[in-house]
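Working through the structure, step by step
Each chain, written out:
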Amino acid sequence: MADLWLVTLVSPPYETWTYGRPSHFPTLSPGQRVIIPFGKSHRAGVVVGPADEAPKGVAVKDMIWPLEHTPLLDGDFVDMAVNLAARQMVHVGRILEIALPRGLRTASVTFKVDRHMTGRNLPASMRPSDLARAGDEDRAALLELWLGDRMRVRVNAKKEAEERFVSLESDPPWAVRPNAKRQLRLLEYLMENGPQSLYSLRHTLGDWAPDVAAKLEAAGVVRVGEPTADLLAQMDETGKGCEDPGCEYVLTDEQQLALKEMTETLEEGGGAHLVHGVTGSGKTVLYMEMADRLLRQGRSVLFLAPEVALACQLYRTVAHRFPQYRTIFYHGYQSPGKREASFRELAGSGDPVIVVGTRSAVFLPLPDLGMVVMDEEHDESFKQEERLAYHAKEVAWFRTGRSKGLLLLGSATPDVKTFHAASQGLIRVSTLKERVGESRLPEVELVNITDLGSSKQLLSNRVREAVRETVAAGEQVIVMLNRRGYAPLMYCLDCGETVRCPDCEVGMTYHKGRERLVCHYCGRTYAYPLTCRKCGGANFIPMGEGTEQLEEALSDLLPDDAKVLRLDRDATRRQERLEEILGSFGRGEAQVLVGTQMISKGHHFPGVTLVVVADGDLGLNLPDYRSSERTFQLLVQVAGRAGRGEHPGRVLIQTRNPNHPIWKEILGGDYKGFFAREVSRRTLFHYPPFSRMALVRISFPAESENGQAAVNLLGQILREQGRALGISVLGPAPAPLSMLRGRKRFNCLLKSDDWGKVRGLYAAMAHANPDPRDVRTALDLDPLSTL
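As the structure is a prediction and not an experimental result, all values here were calculated from the model.

What follows is about the overall build of the protein. The secondary structure content of the protein amounts to 23 helices and 35 strands. Taking 2.2 N^0.38 as the reference for a compact globule, 787 residues should give roughly 28 Å; the C-alpha atoms of the protein span a radius of gyration of 28 Å, in line with that estimate. On the principal axes, the C-alpha backbone points of the protein span a range of 85 × 70 × 65 Å. Of the roughly 33800 Å² of accessible surface on the protein, 48% is carried by carbon and sulfur atoms.

We now examine the environment of Leu-201. Tracing the sequence through the fold places Leu-201 in helix 7 (residues 198-205). Each C-alpha atom, one on Leu-201 and one on Ala-213, is 9.2 Å from the other, the two residues being 12 residues apart in sequence. The contacts of Leu-201, once residues within four sequence positions are left out, are Val-166, Leu-186, Tyr-189, Leu-190, Gln-196, Gly-206 and Ala-209.

Let us look at unusual backbone geometry. Cis rather than trans, the peptide bond between Tyr-528 and Pro-529 has omega equal to 10°. Positionally, Pro-529 belongs in the loop between strand 26 (525-527) and strand 27 (540-543). Omega for the peptide link from Gly-731 to Pro-732 comes to 5°, which places this bond in the cis form. Tracing the backbone through its elements, the reader meets Pro-732 in strand 33 (residues 728-740). With a phi close to 60°, Met-89 is a non-glycine residue in the positive phi region. Relative accessible area serves as the criterion here: at 31%, Met-89 is assigned to the partly exposed category. The phi dihedral of Arg-741 is positive, around 55°, even though this residue is not glycine. For Arg-741, the position within the fold is in the loop between strand 33 and strand 34 (743-752). The class of Arg-741 is partly exposed, set by a relative accessible area of 48%.

Attention shifts here to the pairing of strand 33. In the sheet, strand 33 pairs with strand 34 via seven bridges, with the strands oriented antiparallel. The residue bridging Leu-740 from the neighbouring strand is Arg-743, located in strand 34. A loop of two residues connects strand 33 with strand 34, the two strands running antiparallel in sequence, and Arg-741 in this loop sits at a positive phi of about 55°.

So, on to the pattern of salt bridges. Tallied over the full model, the rule gives 47 salt bridges. Here Arg-626 and Glu-380 are joined by a salt bridge, their closest N and O atoms 3.0 Å apart. Residue Arg-626 is found in the loop between strand 30 (608-613) and helix 19 (627-639), and its partner Glu-380 is found in the loop between strand 16 (369-375) and strand 17 (383-384); the two are separated by 246 residues along the sequence. For Arg-626, a relative accessible area of 2% translates into the label buried.

To continue, consider the confidence of the model for the protein. Across the protein, pLDDT averages 89, with 95% of residues at or above 70. Summarising per-element confidence for the protein, the mean pLDDT is lowest in helix 9 (residues 228-233) (58) and highest in strand 13 (residues 300-304) (98). This model gives residues 236-243 a pLDDT under 50, and the stretch forms seven contacts once residues within four places in sequence are excluded.

In this section: the packing of helix 1 (residues 75-88) against helix 14 (residues 392-403). Helix 14 packs onto helix 1 with a crossing angle of 140° between their chain directions and a minimal axis gap of 10 Å. One way to sum up the angle between helix 1 and helix 14 is to call them oblique. Along this stretch, helix 1 crosses helix 14, giving a crossing that reads as right-handed. Contacts between helix 1 and helix 14 involve Asp-76, Asp-79, Met-80, Asn-83, Leu-84, Arg-87 and Gln-88 on the former and, on the latter, Glu-394, Val-395, Phe-398, Arg-399 and Arg-402.

On to helix 12 (residues 308-321). In an α-helix, one full turn covers 3.6 residues, which means residues spaced three or four apart are oriented alike. The end-to-end C-alpha separation of helix 12 is 20 Å, in line with the 20 Å expected for 14 residues at 1.5 Å each. Of the residues making up helix 12, those classed as buried are Val-308, Ala-309, Leu-310, Ala-311, Cys-312, Leu-314, Tyr-315, Thr-317 and Val-318.

Another point: the packing of aromatic side chains. Applying the stated criterion across every chain, the model contains 20 aromatic pairs. When the ring of Phe-419 is compared with that of Tyr-671, the centres are 4.9 Å apart and the planes differ by 75°; the resulting orientation is edge-to-face. Placement of Phe-419 in helix 15 (residues 416-423) and of Tyr-671 in helix 21 (residues 671-685) is noted, with a sequence separation of 252 residues between them. Classification of Tyr-671 as buried rests on a relative accessible area of 5%. Judged by centre distance (5.7 Å) and plane angle (75°), the rings of Tyr-486 and Tyr-510 are edge-to-face.

Turning to a nonpolar patch on the surface, a few remarks are in order. On the surface, Leu-489, Leu-493, Ile-541 and Met-543 cluster together to form a nonpolar patch covering roughly 290 Å² of accessible area. One can find Leu-489 in strand 23 (residues 489-492).

Calculation rules
- Residues numbered from 1 in each chain as written.
- Predicted model: local features only at pLDDT ≥ 70, side-chain atom pairs only at ≥ 80, totals over all residues.
- Heavy atoms only, no water.
- Helix = DSSP H or I, 4+ residues; strand = E, 2+ residues; numbered from the N terminus.
- Rg over C-alpha atoms; globule rule 2.2 N^0.38 Å.
- Areas by Shrake-Rupley, 256 points an atom, 1.4 Å probe, with all protein chains shown as cover.
- Contact = heavy atoms within 4.5 Å.
- Buried < 20%, exposed > 50% of the residue type's maximum accessible area, 1.4 Å probe, protein only.
- Pairing = 2+ DSSP bridges.
- Salt bridge = Lys/Arg side-chain N within 4 Å of Asp/Glu carboxyl O.
- pLDDT = per-residue confidence, 0-100.
- Axes fitted to C-alpha atoms, helices over the stretch in contact; angles between N-to-C directions.
- Parallel < 35°, antiparallel > 145°, perpendicular 65-115°, else oblique.
- Left-handed = near helix turned anticlockwise from the far one by under 90°.
- Expected span 1.5 Å × (residues − 1).
- Phe/Tyr/Trp six-rings, centres within 6.5 Å; stacked < 30°, edge-to-face > 60°.
- Patch = residues over 30% accessible without salt bridge, like charges linked within 9 Å, V, L, I, M, F, W, Y side chains within 5 Å.

Printed below as a string of structure tokens:
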């Protein structure tokens, strides 16, 4: 009987196929990577298990060669990929593509051969095509070398060279000629998207990108190499300057009780455990204590942070706290080569290890995973919505369930679904109501700015005076406006039109420092000044405000010797610039820090006694069922930056809607009150956690002649079959962002009591798609955003 195995492709079309194991092959196991013939090419695949029989009417091909001696992935990892693929309605290979670094899913490799020990005339290096053509005797000789570790695999040199990252070395305006269009295009792309590999730049911008990057590197405008986040994570190796409360501490009574409860959860077989603690209550201390206990038992620990900057900070804390253990830093801006090395190191390790990283680190094969910590577990960055919609929390839940480990969820403002599960007794919760040390929670006040009307003044007189008084007293101020750029709209005085992105049909934001208009959705930019596309005029005025304009207004408000810093995506495209800003403000070298939501996450500034929210209503009335939750979380988190030192803090929130019920809960930091009101509303409208909600996204090119007809057909199928299944179907209707990147977008909201029914309905709709090439469909289970 033929030895048949199921192998899933880790590249398009991602499907699972049946292959035979040749006689020269060593023993196979699930999780092992192999090279397989596919059409006229050779691909990398992962063995997922044995096949019962060959498909009828199909001539089964043999695999070509294994890519490692023992499986890279263990059975639990393969099961995780299979489980997540079933949940997301995609092929297993699609999950593995997300999980594996690029170097571990390519067949573009070379086998280096120690041929002198076989007595046969074998080449010194062989490619997969050479192995496929080799005769039985050569294969037998090669197998001997392979088993003796005298035949090694290496990713092709060209691929390795393209793994290097290109990062900005300077902020705009850049020293580039105005007519150097390709150089400017590459720089603007880096400005909008952050550091990119040469491979990614060539794939996205064109084959010219690597040569242009080399010219810019020679001019000192960009740097080619490792991302600077890795270098910054290694700063302060002695621990000097480590101000995080996770470094040195004495446990409070609340913390001791919480630690006891978390230990009980672990001893009872593991599972999720929520740490609901106010800002500054010492949640990091609990993470470190629990990690210490698990590491002493020989078990590994994974720390997940929502952003690279916070991961850097957490990595330094962990490395200082546990110098005796191997600690790995992992994030999406690293080169594929570095991520591949980390992945391989972990897959072949049996000793306890600590990993600190962002969302993608949840897929790393840590040995004997004892705990996953998700700091700021409510943060939306843990959910990936582009390419493939998945939530790191779901993956962590599955993995800790298999290893009987602890999933520690920490937040001052937990996700409503998480807290509902805790309130129903489905997961345990530990509560920290008090801040550690001498600091106290700040007083929060509303400032009614309806009287500002159409005034160009961004801050009310009361807020302006509070800022001046705080700076005069030698204390620090944080001012948040969750909108970057100088102005969100540019208005033509001649024809009354605003400048809109032709690919997304949304207003383009004016960035004064860059002298450009930018679409924040597709990255398209126009140099400013410009002429109006409708009337040809050049008479524009900015409308609305962003962090650039707020920085300018505060600089004018304060004395000349007062320094104002800005922290947003534009100011921190260079990772070292982010560290410079945070370090400078932390040392008291600047009096005011202006920024977007980036300033609300996890930063510890003891000198801050005043926090100002310039526009508290921003985001509150978005057409999204989670808008209230998102606003509450953001404002409570940013309020928590005040009063963390010796002096008391206060928070001023400007609003034009002072009668909204959410303000009472935000002013009192009353999470339970907010939760009760929000749950009551969601019960009424049958929103999660009281339903299984999914978003079906349908899009087609704007110029498509048949796209709208396809949307109508797919919508009809969803409504008719949904009615039979008892699924509530709303839409399809134009998405709030009705066109992005040249594609018209439609949303369809599904509410059900069963995920299986939702998946079945989506499968029926996708199967009926009359034009899959142009009409794209995607299923997002439990969406965080319906925009």
